[in-house]
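Letter by letter, the chains look like this.
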Amino acid sequence: MATLLAIAACRKDDTTIVRPTGPVTQRETNTWILDSMRYFYLWNSTLPSSVDTTLSATAYFASIKNVEDRFSFLYKASDPTTYPKYMLSQYGILFSIVNQQGPKGVIQLVIPSSVADLNGIKRGDYFTEINGTSITSNNAGALTTAMLNGTSATLNINNKVITLPAQSLGENPIYKQDTFKIKDKVVAYLFYNYFNDTYNTALQQVFQTFKTSGATELILDLRYNPGGSVAAAALLNAMIAPGIAEQSLFVKYAGNNHMGNRDITYKSALSVPESGNPISFSSLTDKRLSLSRIFILSGEATASAAELTINSLKPYTQVIQIGEKTFGKDKGAVIISDTRIPWTLMPITYNLFNAQGKGGYTTGITPDYTIDEMSTLPLTRIGDPNDPLIAKAIAIISGNARINSHTTTVKHYYNSQVDKAQKEIMICR
């Protein structure tokens with residue numbers, strides 16, 4: 001029988017590794033999947049007692065997942081078709097399809113210097129066709145799925161047909177940083193779109209600039225942020241809230257009967273980034289704002305590490321959340337691989353709770369002020385004070401919190417970043 005295990009995220013030191021010789025059979029692959037899930041899977045008590053050798057790895061994995069599990073994932077490193085595809089990384093754009101005098105696509109974000117950007121596509125643009133087919137309420141999902149599966153796509157934007165090639169695009173998640181004054185207060189603004197350890201140094205430089213500028217308020221824009229690294233989330237928290245020391249509790253992991261419960265301190269989280277060097281807590285001293293409150297802007301694709309940031313900041317500072325209800329991913333996974341098995345497994349392993357033991361946001365985190373950015377079209381540029389979410393934060397800061405907010409809810413047919421929020425899994429190290 002083939003059991004575990006070379007795992008990248010957590011260790012099972014007392015496990016005997018059994019490595020059969022010869023080609024790996026379907027039974028061995030499925031047995032490896034089941035054995036791994038029995039030990040690590042959050043819902044391991046619901047797993048079957050035996051494997052089905054007639055099923056492919058993906059079909060078998062799907063068949064044994066718990067009905068509550070929306071996120072566990074299996075992929076083959078040698079097969080790109082098993083990897084999820086995302087609109088932003090493939091075409092350089094994010095968009096939603098909403099009812100605006102009929103179904104209409106609204107561009108929400110464009111990666112700078114991408115083909116989309118070079119073709120003049122910008123935030124706030126509208127489109128009515130994908131690959132020559134008019135968008136309807138019934139075909140929005142199918143058209144975007146076909147777009148993701150294609151090698152190129154055309155959009156009819158403002159009556160101009162633009163062709164975009166499917167690519168593999170990187171993203172600098174720091175789209176906008178700014179400071180401005182409201183009365184006697186210096187307000188910092190940061191649009192941060194992904195928790196990526198590659199940009200941890202740049203993120204620290206942003207906060208050092210904020211501190212040098214004397215910022216006493218922060219508007220953190222996570223409205224499209226689908227999550228990412230636990231270490232980056234801990235880094236962001238440490239530079240925002242007061243009363244956090246390196247041994248302060250960042251997050252509680254609650255697992256099954258094998259994995260148990262783990263308390264993760266800020267020191268621990270910062271020591272194991274997904275890429276780059278560990279971060280010393282003491283190195284953050286000159287970058288910490290130590291704010292008594294923070295304004296966080298959220299959307300329906302705000303997920304995973306972004307939701308962890310919202311929840312884990314609450315024991316240390318006042319969080320004023322503005323926007324839409326978040327996605328609802330209060331769970332983390334581990335990465336499991338074996339040198340003989342061609343598959344990599346990412347099973348949901350932990351429920352996540354903050355330092356006060358609060359979590360359970362499986363249906364999302366409800367904002368203090370519910371505002372749909374699509375209620376005011378066309379969309380303004382990123383960071384514009386007239387943006388309805390930013391305007392609400394500014395109103396509160398200026399002492400005009402009673403100013404009416406845009407509360408109209410627009411019918412949404414499709415949100416391209418929700419796909420990434422669905423499939424982005426936070427790795428618990």
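See the structure above.
Since this is a predicted model, take the numbers as computed values, not measurements.

**Quick word on the packing of aromatic side chains**
Phase 1 of the analysis: A complete count under the given rule lists 14 aromatic pairs for this structure.
Phase 2 of the analysis: Taking 5.9 Å as the distance between ring centres and 45° as the angle between the ring planes, the aromatic pair formed by F95 and Y414 counts as tilted. Placement of the pair is F95 in strand β3 (residues 93-99) and Y414 in strand β21 (residues 412-415), with a sequence separation of 319 residues.
Phase 3 of the analysis: Exposure remark for Y414: the relative accessible area of 11% places this residue in the buried category.
Phase 4 of the analysis: Ring plane angle 70° and centroid distance 5.6 Å describe the contact between F207 and F210, whose orientation is recorded as edge-to-face. With F207 and F210 both in helix α6 (residues 200-212), this residue pair falls three residues apart, about one helical turn. Each member of the pair F207 and F210 is classed as buried.
Phase 5 of the analysis: Taken together, the ring pairs in this structure connect F73, Y75 and Y83 into an aromatic cluster.
Phase 6 of the analysis: The ring of Y126 carries K104 above its face, with NZ or CZ at 4.8 Å from the centroid.

**Some remarks on the sheet that holds strand β12 (residues 249-254)**
By definition, the strands of a sheet pair up through backbone hydrogen bonds, in either a parallel or an antiparallel sense.
Phase 1 of the analysis: The antiparallel open sheet is built from four strands, whose spatial order is β13-β12-β19-β16. In this open sheet, the two strands that pair with only one neighbour each are β13 (261-265) and β16 (331-333). Shown here is a sheet whose adjacent strand axes are inclined to one another by a mean of 35°, direction ignored.
Phase 2 of the analysis: By the bridge criterion, five bridges tie β12 to β13 in an arrangement that is antiparallel. Bridge pairing in β13 links V251 to I264.

**Here we look at the environment of L289**
Phase 1 of the analysis: Of note, L289 is situated in the loop between α8 (266-270) and β14 (293-298).
Phase 2 of the analysis: By relative accessible area, L289 is classed as buried at 11%.
Phase 3 of the analysis: Each C-alpha atom, one on L289 and one on E217, is 8.8 Å from the other, the two residues being 72 residues apart in sequence.
Phase 4 of the analysis: Setting aside residues no more than four positions away along its own chain, L289 makes contact with F207, F210, K211, A215, M239 and I240.

**Regarding the pattern of salt bridges**
Phase 1 of the analysis: Taken as a whole, this structure holds 14 salt bridges when the rule is applied.
Phase 2 of the analysis: The salt bridge involving R223 is made with D221; its shortest N-O contact spans 2.9 Å. Of the two residues examined, R223 and D221, each falls in the buried class.
Phase 3 of the analysis: Ionic pairing is found between R223 and D387, a salt bridge with its closest N-O pair at 2.9 Å. Taken as a pair, R223 in the loop between β11 (217-221) and α7 (230-240) and D387 in the loop between β20 (369-370) and α10 (388-397) lie far apart in primary sequence, 164 residues in all. The exposure classification of R223 matches that of D387, with both residues buried.
Phase 4 of the analysis: Bridged by salt links that share partners, the residues R123, D221, R223, E373 and D387 form one connected network.

About the criteria used
- Residues numbered from 1 in each chain as written.
- Predicted model: local features only at pLDDT ≥ 70, side-chain atom pairs only at ≥ 80, totals over all residues.
- Heavy atoms only, no water.
- Phe/Tyr/Trp six-rings, centres within 6.5 Å; stacked < 30°, edge-to-face > 60°.
- Helix = DSSP H or I, 4+ residues; strand = E, 2+ residues; numbered from the N terminus.
- Buried < 20%, exposed > 50% of the residue type's maximum accessible area, 1.4 Å probe, protein only.
- Lys NZ or Arg CZ within 6 Å of the ring centre and 35° of its normal.
- Pairing = 2+ DSSP bridges.
- Axes fitted to C-alpha atoms, helices over the stretch in contact; angles between N-to-C directions.
- Contact = heavy atoms within 4.5 Å.
- Salt bridge = Lys/Arg side-chain N within 4 Å of Asp/Glu carboxyl O.

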